[in-house]
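A look at the structure
Take a look at the letters that make up each chain.
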Amino acid sequence: MNKKQVFLNEVIAQIKSKEAKQYVTDELNYHVKEARNYWIEKGLKETEAEEKAVEQMGSPVQLGQQLNKLHRPKVDWILLVLLVTIFGLGFLPMFSIPIGEYLLATKVIITLIGSASVIGIMLMDYRKLKKQGWLFYSIGVLILLVLRLFSNTTINGLPLLRIGPLTIESIMSLPFFFLAWASLFNLERLKVWQFSLLFLLPFFLLFTVPSISTTYIYTIMVFSMLWWSRFSRKIVLSIWGVSVSCFLFVSLISWKFLGVYQKDRLLAYLNPEEYSDGPGFMILHVKEFLSKAGWFGHFMNKEFIPEAHTNLVFVSFTYYYGWLLALALVVILGLFIARIMIITSRIKDPYGKLLLIGAVSLYTVQLVTNIGMTLGVFPLISISLPFMSYGLMPTLLNAILIGIVLSVYRRKDLTRITVLLKK
């Protein structure tokens, strides 16, 4: 065994992380090779040059201990504390709505599944997903095609495919498209026309399923990640400009072909009082509950609120527990965004950064839209409040996002060790 290998073995013996062992081995081999080439240029023989390069590295035990400390897997306890807090608050609506006791046991199971998903994904090396972009994209498209062709039931206007206990819905495609676009945007050879085709296929399928809310979330996610892709800022701004122009043009053209009921729903958002006996009824109902909530709510008043544990969970939460706790809830949910953005600023890996941008955009669009629609800023659509709305898929989607963030954070220090080796 040569001197270099003995040195590497002693360094690696000090490192506890299995993921870091191979990484450090590759890095040290690289630096030994660079230093060896330097001494060869100075006139030393190859064997002598390699020994000289190894000697420059210093004590293998001390270096190994430094690298072990540097590359120790990290856990973002701030994000985990926020997650535990919001999971706990997620049970409060169950205690206030009339059918909460019936749903409580299922909520416990959903929360456990979500928690297990977060921990499992955090422990997984996110870098192994980088080369699976086409696979994830294909799975997402396949889910939408199955729904488009074989859906057999509808709930709140959303088509579903039920096969025994299994229910397939459009939101299931989002995690796959999220992972797919993080990989695709990391490709240097991706062209604008390829991006356009890859974006439009899921968009068309989602729009024709139909699933307006999932289409909306998907679009926001992709165009947010686009800004951090390998495309130049000029190209990105051009794509955004063309897309907004096309949207406005299609919206104006589509207005002429909308039915009376569809036009009434849109107009009711602008003037609900005029449509109080129709589509404006729910908007006025929501405003009434929010206006009656007060600072401390009406916990003992078991009044019926439509979709109180799903899309309108923020309305029921505010009405039963008051604006004081509702504002605290918004702050806690908002802290997730702030924390993920702080982590994003510390990540050097382009793929990891794209994952975090996608995660924060997916999370933010749900949070802002759900609260916005209950406050009358956005039209009422079928969209969940992260970690608060009842249901396996909404919880699982956001658990996957947080798990990915924790996985990237856990490996954020597996970076080049050039600076340390020069000291």
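Residues numbered from 1 in each chain as written. Predicted model: local features only at pLDDT ≥ 70, side-chain atom pairs only at ≥ 80, totals over all residues. Heavy atoms only, no water.

Quick look at the overall build of the chain now. Looking only at helices and strands, one finds 18 helices and three strands in the chain. Expressed as lengths along the three principal axes of its C-alpha atoms, the size of the chain is roughly 90 × 50 × 40 Å. For the chain, the proportion of its 423 residues judged to be buried stands at 47%. Taking all contacts inside the chain whose residues are at least 6 apart in sequence as the whole, residues at least 24 apart take part in 69%. (Helix = DSSP H or I, 4+ residues; strand = E, 2+ residues; numbered from the N terminus. Buried < 20%, exposed > 50% of the residue type's maximum accessible area, 1.4 Å probe, protein only. Contact = heavy atoms within 4.5 Å.)

A few words now on helix α1 (residues 3-13). Taken together, the buried positions of α1 are Lys4, Phe7, Leu8, Val11 and Ile12. The buried residues of α1 occupy an angular sector of 130 degrees when the element is viewed end-on, so they sit on one face. In this fold, the buried residues of α1 make contact with α2 (18-41), α3 (46-56) and α4 (60-70). (Arc of directions from axis to C-beta.)

Let us now look at the confidence of the model for the chain. The pLDDT averaged across the chain works out to 85; a share of 93% of its residues lies at or above 70. Confidence, read as mean pLDDT per element, is least for helix α18 (residues 418-422) in the chain (41) and greatest for helix α9 (residues 173-184) (96). Every residue in residues 416-423 is under pLDDT 50, and counting partners more than four places away or in other chains gives 17 contacts. (pLDDT = per-residue confidence, 0-100.)

Attention now goes to the packing of aromatic side chains. All told, the structure shown has 23 aromatic pairs when counted by the stated rule. On the numbers, 4.9 Å between centres and 35 degrees between planes, the contact of Trp181 with Phe185 is tilted. What makes Trp181 buried here is its relative accessible area of 0%. Seen in terms of ring centroids, Phe203 and Phe207 are 6.1 Å apart; in terms of plane orientation they differ by 10 degrees. Their pairing is stacked. Of this pair, Phe203 and Phe207 both sit in helix α10 (residues 192-208), four residues apart, which is roughly one turn of that helix. Looking at Phe203, the relative accessible area reads 27%, which means it is partly exposed. Through a chain of ring-to-ring contacts, three or more aromatic side chains come together here, namely Trp134, Tyr137, Phe177, Trp181, Phe185, Phe195, Phe199, Phe203, Phe207, Tyr218, Phe223 and Phe231. Over the ring of Trp227 we find Arg233; its NZ or CZ atom is 4.2 Å from the centre of that ring. Taking NZ or CZ as reference, Arg233 lies 5.9 Å from the ring centre of Trp228, over its face. (Phe/Tyr/Trp six-rings, centres within 6.5 Å; stacked < 30°, edge-to-face > 60°. Lys NZ or Arg CZ within 6 Å of the ring centre and 35° of its normal.)

To continue, consider the nonpolar core. Grouped together as the largest cluster of nonpolar side chains are 103 residues, with contacts concentrated most on Ile86, Trp181, Phe185 and Phe195. Of the residues forming this core, the biggest block, 15 residues, is contributed by helix α15 (residues 313-346). Ranked by size, the runner-up nonpolar core spans 15 residues in total, among them Phe7, Val11, Ile12 and Ala20. (Core = buried A, V, L, I, M, F, W, Y, C linked by side-chain atoms within 4.5 Å.)

Before going further, it helps to spend a moment on the environment of Pro306. Structurally, Pro306 can be placed in the loop between α14 (280-292) and α15. Taking C-alpha positions, Pro306 is 68 Å from Lys33, a pair spaced 273 residues apart along the chain. Apart from the residues lying within four places of it in its own chain, the contact partners of Pro306 are Met282, His285 and Leu312.

This part takes up the sheet that holds strand β2 (residues 158-163). Two pairing modes exist for strands in a sheet, parallel and antiparallel, and in both the strands are linked by backbone hydrogen bonds. In space, the three strands of this open sheet follow the order β1-β2-β3, with antiparallel pairing throughout. Strand pairing shows two members of the sheet lacking a second neighbour, β1 (153-155) and β3 (166-168), which therefore form its edges. On average, adjacent strands in this sheet sit at an angle of 40 degrees to one another, irrespective of strand direction. In the packing of helix α8 (residues 133-150) onto the sheet, contacts are made with β2 and β3, and the angle to β2 comes to roughly 95 degrees. (Pairing = 2+ DSSP bridges. Axes fitted to C-alpha atoms, helices over the stretch in contact; angles between N-to-C directions.)

The end-to-end C-alpha distance of α2 is 36 Å, a good match for the 34 Å that 24 residues give at a rise of 1.5 Å each. The positive-phi residue at the C-terminal boundary of α2 is Gly43, with phi of around 110 degrees. (Expected span 1.5 Å × (residues − 1).)

Moving on, we get to the pattern of salt bridges. Within the structure shown, the criterion is met by six salt bridges. As a salt-bridge pair, Arg127 and Asp125 come within 2.9 Å of each other at their nearest N and O atoms. Residue Asp125 is classed as buried on the basis of its relative accessible area of 11%. The salt bridge partner of Glu188 is Arg230, with a shortest N-O separation of 3.6 Å. In this pair, Glu188 sits in the loop between α9 and α10 while Arg230 sits in the loop between α11 (212-227) and α12 (233-255), placing the two residues 42 residues apart along the sequence. Among the charged side chains, a network of salt bridges with common partners joins Asp125, Arg127 and Arg411. (Salt bridge = Lys/Arg side-chain N within 4 Å of Asp/Glu carboxyl O.)

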